[in-house]
Amino acid sequence: MASDSNVRLHTLRCDGGMTANAFLMQFQADMVDVDVAVPSVSETTALGAAFAASLAVGFFKDLDSLSSQWKKAREWKPHMGSAQREYYARHWAMAVDRSLDWHVTEPSPFEAVRMKHVRSGSSGKDLEHMEKPQSTASSAITMRVAVVVALAAVAFLSGRRSVSSR
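### Points about the overall build of the chain
Looking only at helices and strands, the chain features seven helices and four strands. Across the 166 residues of the chain, 21% fall into the buried class. Summarising the internal contacts of the chain: among those between residues at least 6 apart in sequence, 68% fall at separations of at least 24. Here the chain displays about 12,000 Å² of accessible surface, and carbon together with sulfur accounts for 60% of that area.

Given below as structure tokens:
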């Protein structure tokens, strides 16, 4: 992240349900090699909306007065050595490379049944019981958008020394 954004993180702030997993928080601290902090309110989506509204109506005068409301509940410090971190990062990159540019050459069971109904002119009402699989392409696009948004946030917060991730 530091090389992509030219910002050296000192703390990575995390929120959401994943913060309940101490192993995951420690692993993040180890892999990013910075402290990981979680807020006292782990589910901050609604809180963020309330903060934005309170800023808009003038309850908080600026972002600094609003950011002072964030309270740390717990923090993890990195303990992993650089050789182990590089090993994990290298193997993660290899796994990602192996997962790219593949596609399914035959339709899923759901798609095969749906196409049969389309060809026959059927209404497809009997398809409602089948669970539609999530599109792999859609998931990949969602992940790319999330990465771009995260990098934009890092760029926006470049004057600050902590970045929140969700």
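### Notes on the confidence of the model for the chain
Here the chain averages 77 in pLDDT, and 70% of its residues register 70 or above. Per-residue pLDDT, averaged within each element of the chain, yields its smallest value for strand S4 (residues 162–165) (46) and its largest for strand S3 (residues 72–76) (95). Confidence drops under a pLDDT of 50 for residues 158–166, and excluding neighbours within four residues, the segment shows 28 contacts in the predicted structure.

### Notes on the pairing of strand S2 (residues 35–39)
Across the five residues of S2, five count as buried, placing the element largely inside the fold. Taken together, the three bridges between strand S1 (residues 11–14) and S2 define a ladder with parallel strand orientation. The residue of S2 that forms the bridge with Leu12 is Val36. Remark: the S1/helix H2 (residues 22–32)/S2 crossover connection has right-handed handedness. Strand direction decides the pairing type here: S2 and S3, joined by four bridges, are antiparallel. From the neighbouring strand, Pro39 faces S3, where its bridge partner is Lys72.

### As for the nonpolar core
Membership of the largest hydrophobic core is limited to ten residues, which are Val7, Leu9, Leu12, Cys14, Met25, Ala29, Val34, Val36, Val38 and Trp76. Every element with two or more residues in this core is listed here: S1, H2 and S2.

### A look at the environment of Arg74
Along the chain, Arg74 falls in strand S3. As for Arg74 and Met25, which are separated by 49 residues in sequence, their C-alpha atoms are 9.9 Å apart. With residues up to four places along the chain from it excluded, the contact list for Arg74 reads Ala22, Val36, Ala37 and Val38.

### Overview of a nonpolar patch on the surface
Taken together, the side chains of Phe23, Phe27, Tyr87 and Tyr88 make up a nonpolar region of the molecular surface, amounting to roughly 430 Å² of accessible area. Sorting the residues of the nonpolar patch by element identifies H2 and helix H5 (82–99) as the ones contributing at least two each. Checked against the element boundaries, Tyr88 lands in helix H5.

### Considering the pattern of salt bridges
Oppositely charged side chains are able to pair whenever their charged atoms sit close together. Summed over all chains, the structure comprises four salt bridges. Between Glu75 and Lys72 there is a salt bridge, with the nearest N and O atoms lying 3.5 Å from each other. Overall, Lys72 belongs to the partly exposed group, its relative accessible area being 46%. Between Glu75 and Lys77 there is a salt bridge, and its shortest N-O distance comes to 3.5 Å.

### Topic: the packing of H2 against H5
Where H2 contacts H5, the axes come no closer than 9 Å and their chain directions differ by 100°. Looking at the two axes, H2 sits roughly perpendicular to H5. Residue-level contacts link Phe27, Asp30 and Met31 of H2 to Arg85, Tyr88 and Ala89 of H5.

### Description of the packing of aromatic side chains
For any pair of aromatic rings, the description rests on two quantities: the centre-to-centre distance and the angle between the ring planes. Counted under the stated rule, the structure contains five aromatic pairs. With a centroid separation of 6.1 Å and an interplanar angle of 10°, the aromatic rings of Phe23 and Phe27 are classed as stacked. Taken together, the residues Phe23 and Phe27, both in helix H2 and four residues apart, mark about one turn of the helix. Its relative accessible area of 63% is what places Phe23 among the exposed residues. Phe27 gets classed as partly exposed once you look at its relative accessible area, which sits at 33%. With a centroid separation of 6.0 Å and an interplanar angle of 85°, the aromatic rings of Phe51 and Phe60 are classed as edge-to-face. We classify Phe51 as partly exposed; its relative accessible area is 23%. An aromatic cluster of three or more residues is present, and its members are Phe23, Phe27, Tyr87 and Tyr88. We note Arg13 situated over the ring of Trp70; from NZ or CZ to the ring centre the distance is 3.8 Å.

Rules of the game
Residues numbered from 1 in each chain as written. Predicted model: local features only at pLDDT ≥ 70, side-chain atom pairs only at ≥ 80, totals over all residues. Heavy atoms only, no water. Helix = DSSP H or I, 4+ residues; strand = E, 2+ residues; numbered from the N terminus. Buried < 20%, exposed > 50% of the residue type's maximum accessible area, 1.4 Å probe, protein only. Contact = heavy atoms within 4.5 Å. Areas by Shrake-Rupley, 256 points an atom, 1.4 Å probe, with all protein chains shown as cover. pLDDT = per-residue confidence, 0-100. Pairing = 2+ DSSP bridges. Right-handed = clockwise from strand over helix to strand, strands pointing away. Core = buried A, V, L, I, M, F, W, Y, C linked by side-chain atoms within 4.5 Å. Patch = residues over 30% accessible without salt bridge, like charges linked within 9 Å, V, L, I, M, F, W, Y side chains within 5 Å. Salt bridge = Lys/Arg side-chain N within 4 Å of Asp/Glu carboxyl O. Axes fitted to C-alpha atoms, helices over the stretch in contact; angles between N-to-C directions. Parallel < 35°, antiparallel > 145°, perpendicular 65-115°, else oblique. Phe/Tyr/Trp six-rings, centres within 6.5 Å; stacked < 30°, edge-to-face > 60°. Lys NZ or Arg CZ within 6 Å of the ring centre and 35° of its normal.

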